[in-house]
Every structure is written in C-alpha cells, then in structure tokens.
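# Notes for the structure review
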Amino acid sequence: MSELIEFLRTEGVDERLLNAAEAWRTKQAPARDNVAHRVPRPRYPYYGRDVWEEAISALLSGEHLLLVGPKATGKNDLAENLSALFGRPQWDVSFYINTDAASLIGTDTLSDGEVSLRHGPIASCALEGGFGVLDEINMAKNESLAVLHATLDFRRCIDVPGYDRIPLSDATRFIATMNYGYAGTRDLNEALASRFLVIDMPPISEENLMKLLHREFPELKEAYARQFMSLFTDIRKKCDSAEISTKALDLRGLLASIRLMRQGLPGARALELGIVNKCFDDFERQLVEDVVRGRIPEDLTGLEAFEH
C-alpha cells in the first residue's frame, strides 16, 4: 500500500485525494481472513494522473466505474490498482455470451440436507465489501445483465428469488471494462450504462511507456528502450490508420518479448512470439514484420540490449 501511495505521489496525483483514500480505507472493516488473499498486489502500475484522479474521486463518492477504450489502454491494470489502493478483496467476472444470472448471483446447492444459495461472485463481492471487476461487460446479453440494475443503483442490493435480499456492503464497488468493436460485443443497455460513471481510457503515452519499460527492465539500455517504445508507437499508428488490425497492438506481448530477450532469445524470434505471430493473416503479418525490422535489428541479443 505504501509503495503504491508513493508511486501515485511521484505521478503527481492530488494529495487530498490520496489522503481521502487512506482515510476511507482506515474507516472500512479490513478484508476478512477468508478473502484477504483476494486483495491484489498489482504486477504493473497504471500510469496516468488524470485518470487516477477521476477514478479515485468516483469511488470515494460511492459510484461505480465503467472503463471504456481500445486495446492496450490499461483498463484491467487500473481496476487492479484501484482495488489495491482501497485495500479491498477483488472478484473478477469475465463476461461472455452465455453469462446468466446464476453465474453472477449464485446457484442452489445441497448442504447438510438443506438447499441453500451458493454465492456467485457478485453476491460474494456484495457481502465482503469487495471490488468487482466486470470484464468485457458488453460481451454478455443485455437481458442477463438486468439482474445488476438494483445492485448498481441507489438500492444497492440483490434480490434473489426464493431467498432473502442481499444488501451491498458500504465498501462494495464495481468496475466494469469494455472494448469497442471486438467480435461478440454489443451496445451496452442504456439503463445499465446510466448506473456507471464512464472513463474514456486514453492510449498510453510515449512518456508513460518509457516509465513502464524503465520500471520493468531497469537494466535495458536507454537506446533500446526508446526503440521498443517507438516500435509500439509505430504499430499503434498503423492500427489507427486501418493498415492493420489491433492484433499486434499488444503491450503484454511486447513486455513478454523483452523478457524472452533477457533470457537469451534473439530479438527477432522473441518479437515473433510476442507480437508478429498474433497476426494470422499473411499480408498483415508481413506488414508487422516490416515494422519490427525497421526498429529492432534482426540479430539483436540480450547481451547487446541489456546492461550487465
């Protein structure tokens, strides 16, 4: 927690918001032992002062968040960072076309000869004061999401047919994410969208990408860190101009490729695994290969790229 707060101070996040978040965290009952392991320890920090301030303000105000934006904008990283900042256990719900009420709220189960409700992630999150991350919320059918209406608005409860009403803990918040234009996605129901505050997630800037590279790979030589940053920027520009799809715009893949290089795999082969091979169309693959070769020498090795 202290490390994350210090990171946010370094990023210039409003000190009043950080103090308010710490006070909120102190006021809430800590996560119970059986769910304490769910309080995340983020692998990656989220870079972006303005987004941080908007998100913290919304959650302190008791609102739920919808993080909207294209690929590689850090939506899930921000959600995980927010759970860690507020010290709340996190439940991850990955939506898909067959998501139904039972998979969200819970199902009947037999316990000690009696039928009882086995809580799903939404009910568990409500009871434990958790942060629920509703991933790709626009993948599910709108009718199956209607069960969330009372959960997300002023009523803050879950009415389970055949069982009692489950009230939301004061600490419970929901953070939904959605991408535009992915296969299987649909427009989000207006009634559901109105229950969120919406943050339009910006692409990671070159400055923040350099910060991430320096943090993850402090031994990476500056010249090559800049080349990897420029490579990602070049791929993004080709995506923005519709020359290629967003398959190769994969920040996780770029970071994984650099790790492979650190293990000794040549740069060209590492980038094939992390970026180029994400393209399954031959023509698109060739375009991405050309971008990679224009930035990263084909015979680059870890010995050349990293300080030893």
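Here goes a summary of the coordinates provided. This is a predicted model, so every value here is computed, not measured.

The next subject is the overall build of the chain. The helix and strand tally for the chain stands at 15 helices and nine strands. Computed over C-alpha atoms, the radius of gyration of the chain comes to 22 Å, within 12% of the 19 Å expected from 2.2 N^0.38 for 308 residues, which places it in the range of a compact globule. Each principal axis of the C-alpha distribution contributes one length, and for the chain these read about 65 × 45 × 40 Å. Scored against the burial criterion, the 308 residues of the chain give a buried share of 49%. Across the chain, the centroid of the 36 positively charged side chains sits 1 Å from that of the 48 negatively charged ones.

Moving on: a negative patch on the surface. On the surface, a cluster of negative charge is contributed by Glu 272, Glu 298, Asp 299 and Glu 304. Its location among the elements puts Glu 304 in helix 15 (residues 302-305). The exposure class assigned to Glu 304 is partly exposed, which follows from its relative accessible area of 37%.

Attention now goes to the side chain of Glu 128. Within the secondary structure, Glu 128 sits in helix 6 (residues 121-128). You can call Glu 128 buried: its relative accessible area is 15%. One polar contact links Glu 128 to Arg 32, side chain to side chain, over a distance of 2.4 Å.

If you look at soluble globular proteins, the nonpolar side chains tend to sit buried side by side. Core analysis: the largest hydrophobic core is formed by 69 residues, its most contacted members being Trp 52, Ile 56, Leu 82 and Phe 228. In terms of residue count, the dominant contributor to this core is helix 11 (residues 222-240) (eight residues). Every residue in contact with Phe 228, bar those within four places of it in the chain, is listed here: Leu 213, Leu 220, Leu 254, Ile 258, Met 261, Leu 271 and Ile 296. Counting residues in hydrophobic clusters, the runner-up holds 29 residues, among them Ala 31, Leu 134, Leu 145 and Ile 158.

Take the environment of Phe 283 next. Positionally, Phe 283 belongs in helix 14 (residues 282-295). Along the primary structure Phe 283 and Ile 244 are separated by 39 residues, whereas in three dimensions their C-alpha atoms are 9.2 Å apart.

Mapping Arg 295 onto the fold places it in helix 14. Look at Arg 295 and you get partly exposed, because its relative accessible area is 30%. Sequence separation of Arg 295 and Val 276 is 19 residues, and the distance between their C-alpha atoms is 14 Å. Arg 295 has contacts with Gln 227, Ser 230, Leu 231 and Asp 234, leaving out every residue within four places of it along the chain.

What follows concerns the packing of helix 1 (residues 2-11) against helix 4 (residues 75-86). In contact at an axis separation of 9 Å, helix 1 and helix 4 are set at 115° when each is read in the N-to-C sense. Note on packing geometry: the crossing formed by helix 1 with helix 4 is left-handed. For the pair helix 1 and helix 4, the contacting residues are Leu 4, Ile 5 and Leu 8 in the first and Asn 81, Ala 84 and Leu 85 in the second. Among the residues forming the contact of helix 1 with helix 4, the class breakdown is five nonpolar, one polar and no charged.

Where helix 2 (residues 15-27) meets helix 4, the closest approach of the two axes is 8 Å, and the angle between their N-to-C directions is 65°. Judged by residue contacts, Ala 21, Trp 24 and Arg 25 of helix 2 engage Ala 84, Leu 85 and Phe 86 from helix 4. Among the residues forming the contact of helix 2 with helix 4, the class breakdown is five nonpolar, no polar and one charged.

Moving on, we get to the sheet that holds strand 9 (residues 197-200). Read from one edge of the open sheet, five strands run 2-5-8-1-9, paired in parallel fashion. At either margin of the open sheet sits one strand with a lone partner, and together these are strand 2 (90-94) and strand 9. Going across the sheet, the axis of each strand differs from the next one's by a mean of 20°, ignoring polarity. In this sheet, strand 9 lies alongside strand 1 (residues 65-68) in parallel orientation, the contact comprising four bridges. Considered in strand 9, the bridge of Val 68 is made with Asp 200. Together, strand 1, strand 5 (131-135), strand 8 (173-178) and strand 9 form the strand contacts of helix 3 (residues 49-60), whose direction differs from that of strand 9 by roughly 170°. Packed onto the sheet, helix 6 meets strand 2, strand 5 and strand 8 and runs at close to 160° relative to strand 2.

Criteria and cut-off values
- Residues numbered from 1 in each chain as written.
- Predicted model: local features only at pLDDT ≥ 70, side-chain atom pairs only at ≥ 80, totals over all residues.
- Heavy atoms only, no water.
- Helix = DSSP H or I, 4+ residues; strand = E, 2+ residues; numbered from the N terminus.
- Rg over C-alpha atoms; globule rule 2.2 N^0.38 Å.
- Buried < 20%, exposed > 50% of the residue type's maximum accessible area, 1.4 Å probe, protein only.
- Lys, Arg positive; Asp, Glu negative; His and termini not counted.
- Charge placed at Lys NZ, Arg CZ, Asp CG, Glu CD.
- Patch = residues over 30% accessible without salt bridge, like charges linked within 9 Å, V, L, I, M, F, W, Y side chains within 5 Å.
- Areas by Shrake-Rupley, 256 points an atom, 1.4 Å probe, with all protein chains shown as cover.
- Salt bridge = Lys/Arg side-chain N within 4 Å of Asp/Glu carboxyl O.
- Polar contact = N/O pair within 3.5 Å; in protein donor to acceptor, adjacent residues only side chain to side chain.
- Core = buried A, V, L, I, M, F, W, Y, C linked by side-chain atoms within 4.5 Å.
- Contact = heavy atoms within 4.5 Å.
- Axes fitted to C-alpha atoms, helices over the stretch in contact; angles between N-to-C directions.
- Left-handed = near helix turned anticlockwise from the far one by under 90°.
- Nonpolar A, V, L, I, M, F, W, Y, C, P; charged D, E, K, R; others polar.
- Pairing = 2+ DSSP bridges.

Geometry only, nothing functional implied.
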